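Chain residues, written in single-letter form:
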Amino acid sequence: MHPSGRNCVHSGTGGRLATTTTDDVDALVARLKDRSRVVLHFHGGLVDDTLGFATAERLAPVYTAAGAEPVFFVWSSGLLEVLRGNLPQILGEGVFQTLLNRVIRFASGVVFQDPGTRALGGLTVPSTRDVAAELALLRTGQEPYARLTPPAEVPALGEAERVRITADLSADTELAERNREIAGTVLRSAPGTTAARDINGGRAAVATLMSPDTVAELAAGTTDAENRRAVVTSALLVRRTVRVVSAVVARFRHRTDHGLYPTVVEEILREFYVANVGAAVWDAMKRQTAETFAAGAPGEAGPPRAGRYFLDRFGQLLASGSRPEVTLVGHSAGAVFMGHLLADLARRRAAADDPLPEDFRVRDVALLAPACTVKDLAGVVRRQAGLFRRLRMFTLTDEAERADHLVPFLYPRSLLYFVSAVLERGPDGDTAVAPLAGMQRWFLADEPGGPDARDLRAFLRADGTRTVWSPVDGGPGLASGARSHAGFDNDPEVLASLARMLAD
């Protein structure tokens, strides 16, 4: 057991027990027998194992003082390392900066031009020099193009506009030179030498952290790159850049944009860099939080699944007559973990051979800046009657969210904005913009947003105590001073509010 792990369930690969043993879990559950209140705490996905144990050590006295016995689920995603290591490097790449300039140039011309002028076949775009001057605002801490307001209706990118943009990009000598740099580097690099590797182990070009499959496609379309006399942009790079422009326009059209500059950054990352901006890590993290409650195959080797083993023993405790009131606290991606636990509780209640009493319900669900999707949380609240009595979400106002910059001077939005626009995936497995439950933006949207957003919005609005938009002093149990995504689990006002909820 980890030195700080007395009250921890530590899971690793595949959601299996790591430094925590089955004996440790048995002893932990035994300590819950005579407790009137229990807190199950799930830390966020930007926290590694070491910080997870440190969080448990820091918060244990807070929960104990409130009269509850805490249990901390400690796990690690590796997302923080990827974002810290790769994202600033990507945003500073020469090829990224060229793509940023060109996509902004055409997307701004399409989105912010009068629709009537566009309908007549006119497309006026700023020069690359003008775009560069606007982007220079980043060095002073200002967001480029933040002053622009799109028209109420943004038509889709037209075919004539697509042809015009394609022609301009095909003749762009700077873009062609970037293409040649990437392809030439790959062609010169023998496997196992100086070529960089993406987080999945694939070879990438030294000149860029683009996804390896993208780099390979660009290289395949360029023969003898070092010796070519004519600098010609590959048709593939042009097509994919036009696709980014179209995606940016579509997001403004469907009102899922995050402002011009952030949206262009997000769409370039999704199109060209998704393997190296954490998408695979985010997917793996979500799988791990689900797999920890999964049933192992018969005869499966290795430690048991951490979450499942804990609930097996906890269900037996409840069946023996000990019935502590349970509060769940999930911070950031910990809300994803928590959602899988609630789903497994629902499964166990319905299973005739599971010891968990079928009338057991969680007392409180407390969400701190949840990074679960609106879809996932809507599924949870639809089953409220059988799962929990009360839910309260502490999260940032949209104003505070937009001020909580993930990468200062380069990406002027928060982690939740980034996850929503770059890391989440749609039903087909491709990256897709998905509203996250902790973003006030979707809650305040004029558009209903589909049945999931409609149902979750209705649930939260039905009781004013279900949302705490930080920073705010809403009184006992409803106060938060957090001004950043990472600040909720160490904010004195949030911790005081959680203590009040435990005492109610």
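Anything mentioned here points back to the structure above.
The structure presented is a predicted model; accordingly, all values stated were derived computationally and were not measured.

Colleague: I'm lost on the overall build of the chain in this one. Help?
Modeller: Along its length, the chain carries 21 helices and 11 strands. A burial count over the chain gives 54% of its 504 residues as buried. When the accessible surface of the chain is summed, it comes to about 20600 Å², and 52% of that surface belongs to carbon and sulfur atoms.

Colleague: Can you walk me through the packing of aromatic side chains in this structure?
Modeller: Each aromatic ring pair is summarised here by two numbers: the centre-to-centre distance and the angle between the ring planes. Inspection of every chain in the model, using the stated rule, returns 14 aromatic pairs. Relative to Phe 337, the ring of Trp 75 lies with its centre 5.7 Å away and its plane at 70°, an arrangement referred to as edge-to-face. Taken together, the residues Trp 75 in the loop between β3 (69-74) and α3 (79-91) and Phe 337 in helix α14 (residues 334-350) connect sequence positions 262 residues apart. The buried category is assigned to Trp 75, whose relative accessible area is 0%. Between Phe 96 and Tyr 273 the ring centres are 5.9 Å apart and the planes differ by 65°, which places this aromatic pair in the edge-to-face class. With Phe 96 in helix α4 (residues 94-111) and Tyr 273 in helix α11 (residues 260-273), this residue pair connects regions lying 177 residues apart in the sequence. By the burial criterion, Phe 96 is buried, and Tyr 273 matches it. One aromatic cluster is present, built from ring pairs that chain together Phe 42, Phe 73, Trp 75, Phe 293, Phe 310, Phe 314, Phe 337 and Phe 360.

Colleague: Quick question: what am I supposed to make of the pairing of strand β6 (residues 325-331) here?
Modeller: Among the seven residues that make up β6, six are buried, leaving the element largely enclosed by the rest of the structure. The pairing of strand β2 (residues 37-42) with β6 spans six bridges and is parallel. Residue pairing for β6: Val 39 is matched across the bridge by Thr 327. Tracing the backbone out of β6, into α14 and back to the parallel element strand β7 (residues 362-368) gives a crossover that is right-handed.

Colleague: What is the right way to read the environment of Arg 35 from this model?
Modeller: Inspection of the secondary structure puts Arg 35 in the loop between α1 (22-31) and β2. The class for Arg 35 is partly exposed, based on a relative accessible area of 40%. The spacing of Arg 35 and Arg 323 is 288 residues in sequence and 8.4 Å in space, taken between C-alpha atoms. Setting aside residues no more than four positions away along its own chain, Arg 35 makes contact with Glu 69 and Pro 324. Polar contacts involving the side chain of Arg 35 include one to the main-chain carbonyl oxygen of Arg 31, which spans 3.4 Å.

Colleague: Which parts of the structure should I look at to understand the nonpolar core?
Modeller: The nonpolar side chains of soluble globular proteins are, as a tendency, buried together. The biggest cluster of nonpolar side chains holds 121 residues, and the ones touching the most others in it are Leu 40, Ile 268, Leu 269, Tyr 273, Phe 310 and Leu 328. Ranked by residue count, the leading element in this core is α4, at 10 residues. Excluding residues within four positions of it along the chain, Ile 268 makes contact with Phe 96, Leu 99, Leu 100, Val 103, Val 244 and Tyr 273. Within the second largest apolar cluster, 27 residues are counted, among which are Ala 60, Ala 400, Val 468 and Phe 488.

Colleague: Honestly, the sheet that holds strand β8 (residues 388-396) in this entry has me stumped. Any pointers?
Modeller: Backbone hydrogen bonds hold the strands of a sheet together, and the pairing may be parallel or antiparallel. Pairing is parallel across the open sheet formed by seven strands, whose spatial order is β1-β3-β2-β6-β7-β8-β9. The sheet is open, and its two edges are formed by β1 (8-10) and β9 (467-470), each paired on a single side. On average, each strand axis in the sheet is tilted by 15° relative to the strand beside it, whichever way the strands run.

Colleague: Just to check I follow, could you spell out unusual backbone geometry for this structure?
Modeller: Backbone phi values are negative for most residues with the exception of glycine, while trans is the configuration of most peptide bonds. Ser 470 connects to Pro 471 through a cis peptide bond whose omega is 0°. When you line up the elements, Pro 471 lands in the loop between β9 and β10 (472-473). In the Ramachandran plot, Ser 332 falls in the positive-phi region, its phi being about 55° despite a non-glycine side chain. Turning to its location among the elements, Ser 332 is positioned in the loop between β6 and α14. The phi dihedral of Ala 369 falls on the positive side, at around 45°, and the residue is not glycine.

Colleague: Just checking my understanding: could you explain the pattern of salt bridges for this structure?
Modeller: Side-chain pairs of opposite charge can arise whenever the charged atoms involved come near each other. Taken as a whole and judged by the stated rule, the model has 32 salt bridges. A salt bridge links Arg 348 to Asp 312; its shortest N-O distance comes to 2.9 Å. One end of the pair, Arg 348, is in helix α14; the other, Asp 312, is in helix α13 (residues 306-319), with 36 residues separating them in the sequence. A residue is classified by how much of its surface remains accessible, and Arg 348, at 0% relative accessible area, is buried. Salt bridges linked by common partners bring Glu 325, Arg 363, Asp 364, Arg 389, Arg 390, Arg 500 and Asp 504 together as one network.

Colleague: What should I look at first to understand the packing of α4 against helix α7 (residues 159-170) in this one?
Modeller: Any two packed helices are characterised by how steeply their axes cross, that is the angle between the axes, and by the distance between the axes. Two elements in contact, α4 and α7, have axes separated by 12 Å at closest approach and are oriented at 155°. In terms of orientation, α4 lies roughly antiparallel with respect to α7. In this structure, α4 crosses over α7, and the sense of that crossing is right-handed. Judged by residue contacts, Arg 102, Arg 105, Phe 106 and Val 110 of α4 engage Glu 161, Ile 165, Asp 168 and Leu 169 from α7. Split by residue class, the contact of α4 with α7 holds four nonpolar, no polar and four charged.

Colleague: How should the pairing of β3 be read in this particular structure?
Modeller: Consecutive residues of a regular strand have side chains that alternate between opposite faces of the sheet. Across the six residues that make up β3, a large majority, six, are buried. Going residue by residue along β3, you find Glu 69, Val 71 and Phe 73 tucked away on one face and Pro 70, Phe 72 and Val 74 tucked away on the opposite face as well. Note: β1 against β3, three bridges, orientation parallel. Among the inter-strand pairings, Val 9 is bridged to a residue of β3, identified as Phe 73. As judged from the five bridges shared by β2 and β3, these two strands associate in the parallel manner. Bridge pairing in β3 links Val 38 to Glu 69. Handedness of the β2-helix α2 (residues 49-65)-β3 crossover: right-handed.

Colleague: Please clarify how the environment of Cys 372 should be interpreted in this entry.
Modeller: Relative to the assigned elements, Cys 372 resides in the loop between β7 and α15 (374-381). Overall, Cys 372 belongs to the buried group, its relative accessible area being 6%. For Cys 372 and Ala 434, which are 62 residues apart along the polypeptide, the C-alpha to C-alpha distance reads 9.9 Å.

What counts as what
- Residues numbered from 1 in each chain as written.
- Predicted model: local features only at pLDDT ≥ 70, side-chain atom pairs only at ≥ 80, totals over all residues.
- Heavy atoms only, no water.
- Helix = DSSP H or I, 4+ residues; strand = E, 2+ residues; numbered from the N terminus.
- Buried < 20%, exposed > 50% of the residue type's maximum accessible area, 1.4 Å probe, protein only.
- Areas by Shrake-Rupley, 256 points an atom, 1.4 Å probe, with all protein chains shown as cover.
- Phe/Tyr/Trp six-rings, centres within 6.5 Å; stacked < 30°, edge-to-face > 60°.
- Pairing = 2+ DSSP bridges.
- Right-handed = clockwise from strand over helix to strand, strands pointing away.
- Contact = heavy atoms within 4.5 Å.
- Polar contact = N/O pair within 3.5 Å; in protein donor to acceptor, adjacent residues only side chain to side chain.
- Core = buried A, V, L, I, M, F, W, Y, C linked by side-chain atoms within 4.5 Å.
- Axes fitted to C-alpha atoms, helices over the stretch in contact; angles between N-to-C directions.
- Salt bridge = Lys/Arg side-chain N within 4 Å of Asp/Glu carboxyl O.
- Parallel < 35°, antiparallel > 145°, perpendicular 65-115°, else oblique.
- Left-handed = near helix turned anticlockwise from the far one by under 90°.
- Nonpolar A, V, L, I, M, F, W, Y, C, P; charged D, E, K, R; others polar.

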